[in-house]
Amino acid sequence: MIDRKSLVTRHNPVITKVEPLSPLSVGNSEFAFTADITGLQTFPESYKVPLGTQSQWGWHSTIKQNLYELKDITLQNLDTYGRDVPYPLYPEDKEEAYHWLRQNPHRIHLGQLAFTLIKENGDKAEITNIEDSKQILNLWEGSLLSEFYLEGKSVSVITVVHPRNDEIGVKVNSELLSENRLQVSLKFSAPDMYSNNWDECGDLDWGNKDRHNTEIKGQSLNSLNLKRTMDEDSYEVAWNWNAGEVQKTEKHEFVLTPKDEKEFIFSVSYSKTTPETSDFEETIRLNKKYWEEFWMSGGAIDFSGSKDERAHELERRVVLSQFLTAIHCGGSLPPQETGLMYNSWFGKFHLEMHWWHAAHFPLWGRTPTLEKSLHWYNKILPLAKELAASQGYEGARWPKQVGPDGKQSPSVIAPVLIWQQPHPIAMAELCYQSNKNKETLECWKKIVFESADFMASYAVWVSEREEYVLGPPLIPAQENHKPEESMNPPFELEYWKHGLELAIRWAERLGVDSPSKWKEVAEGLADPPHKDGVYLAHENCPETFTKYNHDHPSMVGAFGILPGTLIDKEIMKQTLRKVMSDWQWDTAWGWDFPMCAMTAARLGDREMAVDFLLMDATKNTYLPNGHNYQREGLTAYLPGNGGLLTAVSMMACGWQGANSGDLPGFPKYDSWSVKWEGLHPLL
């Protein structure tokens, strides 16, 4: 058996200076708190990443002027084999409504919790006054220990998040307490989005103080209860402490002065209704139990016996990715690409990324974690069916960029993307492989069948070719193609076939007949297009490796992520080699590297699988906090972390039909020593 505690704790992040791109977070999958070097959010200006406090329920829609619906913008019709299909692509003369729908609803920052540190001369301390800092994220216990000095006086801070509540617990020990030189502030930012750019939506707005209200609901010697109101949205905050005095210093700011000279303990809890705070020691106890159970359950993989110099870094990425996806991607909603850390794409989630965020959970023996967010598809099923029907299709069409309400966002790309459509089927199948019973089949039956109905309806029979085709119009996973030109991208063709065949098997397990159209389309799809011995981005893209060799090389996913029943292995082998040599890797995204690694593994090229997984590329960078860096403005990209976990599991455990004891994605020579347990094969 693997010594799991040693495996995990040898990768505890240890920070000894401000890491502007790499703050540390604690959380519980429904709520997360991101801290600076002090253990709170004291010096946010020293970071290039917003220090967020976010939850799954914390959303807001701006109602300064109007509350818009999709009917308030102009839809563009795209010709679909003689039939006009409407999509919300461009603003035209409805720019205000168009951008409002993109920005709303958006996630909100629930509150900034910070120290006010006072120097001996009475001035407020700056980050340059902080000395000998050391911060350790204890992964095994899910707690953050921060230690630093101010003018020779030590400060020690423990920060935790309650495993069941949206609550932060903090304990402070410091000589500054007896000198009245340490305070804690809680303040609230305005809730609105002002930028139309998705990568500028994480910044907090400390102006516009009349756009929200902070009301004191109750106050005692040891507690403060607040109600936050923003247009039609509201939430409440409960703050309690062991000994101190709180004052309202600004319209949306409160400052707590400790009265205990030895130890200061406080908790802050957030809720849509009535939050309650917990005893700090109880929170610590429950948190330790929660995280120990997490690490002792599910899968584990140990590379410590490897001689390859990259093995330790891979193990670090794997351990930290498990922690990060647990707190950011394991909740009741599909995650946004930056999780509960800060807003990207207005805080909305991208359903084509849901597989990358969460498909690894069943593979690592944590199926219930995926099921939490998979249930959301059942909730929005009526809207997805309405969307399909509005375009003349059957079944349910899942939107691409979406908030918790399930309403699609207008975009020049999102509405014509299709590769998210089979995801619910594939993820439901992963859940079934873990729990092969009728309860599982009944639970996901509707989303499997409605997804398949749409997919069969979407494919077009072209009698001259005697085959079913996909598009135009569509945009493939590689998003730099025009919808009017894109036809038969290899990954989407294989995924359509794979998804429909899974749906047929689902019906067979339930003992019901599946629509004949499902089988007809699955068996009648066009072959993936190729030219000069390599697969193309799509049928009308002969310049795939010259003009379009950027963004995602998604054609290789047809035999890697997927089993590749339509794929010629020799052509795919040549395609992957050409991707390795000719792709513009500075334009790729974090999940492209594990995607290519999975393709190499299925092709039997073990060395190339590891080379792809650990390629030295900016977009394949993993920061000290474990986040997959893409660029400034997008310093956390959780699809990369999730993709890494999926690829490593597959490379170690294999896939259905492979020899699970053969480590099919790692070189056989002795430079790699791989021990694993509790993993499950990919489909």
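Scroll up to find the structure.
Residues numbered from 1 in each chain as written. Predicted model: local features only at pLDDT ≥ 70, side-chain atom pairs only at ≥ 80, totals over all residues. Heavy atoms only, no water.

S.K.: Can you lay out the overall build of the protein chain for me, pointing to particular residues and giving the numbers?
M.R.: From N to C terminus, the protein chain includes 15 helices and 30 strands. For the protein chain, whose C-alpha radius of gyration is 26 Å, the value lies close to the compact-globule estimate of 26 Å for 683 residues. Seen through its principal axes, the protein chain has C-alpha atoms that stretch 85 × 65 × 50 Å. Looking at the protein chain as a whole, 63% of its 683 residues are labelled buried. Accessible surface for the protein chain amounts to roughly 24700 Å². Of this, 45% is attributable to carbon and sulfur atoms. (Helix = DSSP H or I, 4+ residues; strand = E, 2+ residues; numbered from the N terminus. Rg over C-alpha atoms; globule rule 2.2 N^0.38 Å. Buried < 20%, exposed > 50% of the residue type's maximum accessible area, 1.4 Å probe, protein only. Areas by Shrake-Rupley, 256 points an atom, 1.4 Å probe, with all protein chains shown as cover.)

S.K.: An account of the pattern of salt bridges is requested, with residue identities and associated values reported.
M.R.: Counted by the stated rule, this structure contains 33 salt bridges. Between Arg310 and Asp308 there is a salt bridge whose closest N-O contact spans 3.0 Å. Measuring nitrogen to oxygen at the nearest pair gives 3.3 Å for the salt bridge that ties Lys445 to Glu442. Highlighted residues: Lys445 and Glu442, both in helix α9 (residues 438-458), separated by three residues, approximately one helical turn. In this structure Lys445 comes out as partly exposed when scored by relative accessible area, which is 27%. Owing to a relative accessible area of 35%, Glu442 belongs among the partly exposed residues under this scheme. (Salt bridge = Lys/Arg side-chain N within 4 Å of Asp/Glu carboxyl O.)

S.K.: I'd like a rundown of the packing of aromatic side chains, residues and numbers included.
M.R.: When we look at a pair of aromatic rings, we describe it by the centre distance and by the angle of the planes. Evaluated as defined, the whole model comprises 32 aromatic pairs. Feature note: the residues Trp355, Trp356, Trp419, Phe491, Tyr495 and Trp591 constitute an aromatic cluster, connected by ring pairs. Sitting over the face of the ring of Tyr393, Arg83 holds its NZ or CZ atom 4.9 Å from the ring centroid. The cationic tip of Arg366 hangs over the ring face of Phe294; the distance from NZ or CZ to the ring centre is 4.0 Å. (Phe/Tyr/Trp six-rings, centres within 6.5 Å; stacked < 30°, edge-to-face > 60°. Lys NZ or Arg CZ within 6 Å of the ring centre and 35° of its normal.)

S.K.: Can you tell me about the sheet that holds strand β18 (residues 244-250), naming the residues and giving the values?
M.R.: As summarised here, the arrangement of the four strands in space is β9-β14-β19-β18, forming an open sheet in which the pairing is antiparallel. Looking at strand neighbours, the two that pair on one side only are β9 (112-117) and β18, the edges of this open sheet. Between one strand and the next, the sheet's axes are offset by a mean angle of 25°, whatever the strand orientation. Looking at chain direction, strand β14 (residues 182-187) and strand β19 (residues 253-258) are connected through four bridges and run antiparallel. Paired with Val184 across the bridge in β19 is Leu256. (Pairing = 2+ DSSP bridges. Axes fitted to C-alpha atoms, helices over the stretch in contact; angles between N-to-C directions.)

S.K.: Residues and numbers for the layout of surface pockets, please.
M.R.: Taken as a whole, the largest pocket encloses approximately 600 Å³ of empty space. Listed by contribution, the elements that provide at least two residues to the lining of the largest pocket are β5 (59-60), α2 (95-103) and α7 (367-390). Take the lining of the largest pocket: its biggest share by element is four residues, from α7. Here the lining of the largest pocket is built from residues that sort into 13 nonpolar, seven polar and eight charged. (1 Å grid on protein atoms, 1.4 Å probe; cavity = no way out; pocket = protein on both sides within 12 Å on 5 of 7 lines; lining within 4 Å. Points joined across faces, edges and corners; volume = space filled by probe spheres on them. Nonpolar A, V, L, I, M, F, W, Y, C, P; charged D, E, K, R; others polar.)

S.K.: I'd love a proper account of helix α11 (residues 516-524), names of residues and values included.
M.R.: Within the sequence span of α11, burial applies to Trp518, Val521, Ala522 and Gly524. Check the buried side of α11 and you find it contacts α9, β25 (467-469) and α10 (490-510). (Contact = heavy atoms within 4.5 Å.)

S.K.: If you had to explain the packing of helix α13 (residues 592-603) against helix α14 (residues 606-613) to someone new, which residues and values would you point to?
M.R.: Remark: α13 packs on α14, axes separated minimally by 8 Å, with the N-to-C direction vectors making an angle of 175°. Taken as axis vectors, α13 and α14 run roughly antiparallel relative to one another. Mapping the contact onto sequence places Phe593, Pro594, Cys596, Ala597, Ala600 and Ala601 in α13 and Met608, Ala609, Phe612 and Leu613 in α14. When grouped by side-chain class, the residues that make up the contact of α13 with α14 number ten nonpolar, no polar and no charged. (Parallel < 35°, antiparallel > 145°, perpendicular 65-115°, else oblique.)

S.K.: Please give an account of α14 that cites residues and values.
M.R.: Given 3.6 residues per helical turn, the α-helix brings residues three or four places apart onto the same face. For α14, the buried fraction is high: six of the eight residues fall into the buried class. Residues of α14 that are buried sit in contact with α4 (311-328), α12 (569-582), α13 and α15 (638-653).

S.K.: Talk me through the pairing of strand β17 (residues 233-241); I want residue IDs and the actual numbers.
M.R.: With seven of nine residues buried, β17 lies mostly within the body of the structure. Where strand β16 (residues 223-230) meets β17, eight bridges bridge the pair, whose relative direction is antiparallel. Paired with Arg228 across the two strands is Tyr235, which belongs to β17. Following β16, the chain reverses through two residues before pairing antiparallel with β17; Asp231 in that reversal takes a positive phi of roughly 55°. The sheet contact formed by β17 and strand β20 (residues 263-271) spans six bridges and is antiparallel. What sits directly across from Trp241, in β20, is Phe266.

S.K.: So what about the sheet that holds β20? Which residues, and what values?
M.R.: The sheet built from nine strands is open, its strands ordered β1-β10-β11-β12-β13-β20-β17-β16-β15 with antiparallel pairing. The sheet is open, and its two borders are formed by β1 (14-15) and β15 (213-220), each paired with just one other strand. Bridge analysis of β15 against β16 gives seven bridges, and the strand direction is antiparallel. Considered in β16, the bridge of Gln219 is made with Leu224. Here helix α3 (residues 280-296) sits on the sheet and contacts β11 (143-150), β12 (153-161), β13 (167-174) and β20; the angle it forms with β12, its principal contact strand, is near 60°.

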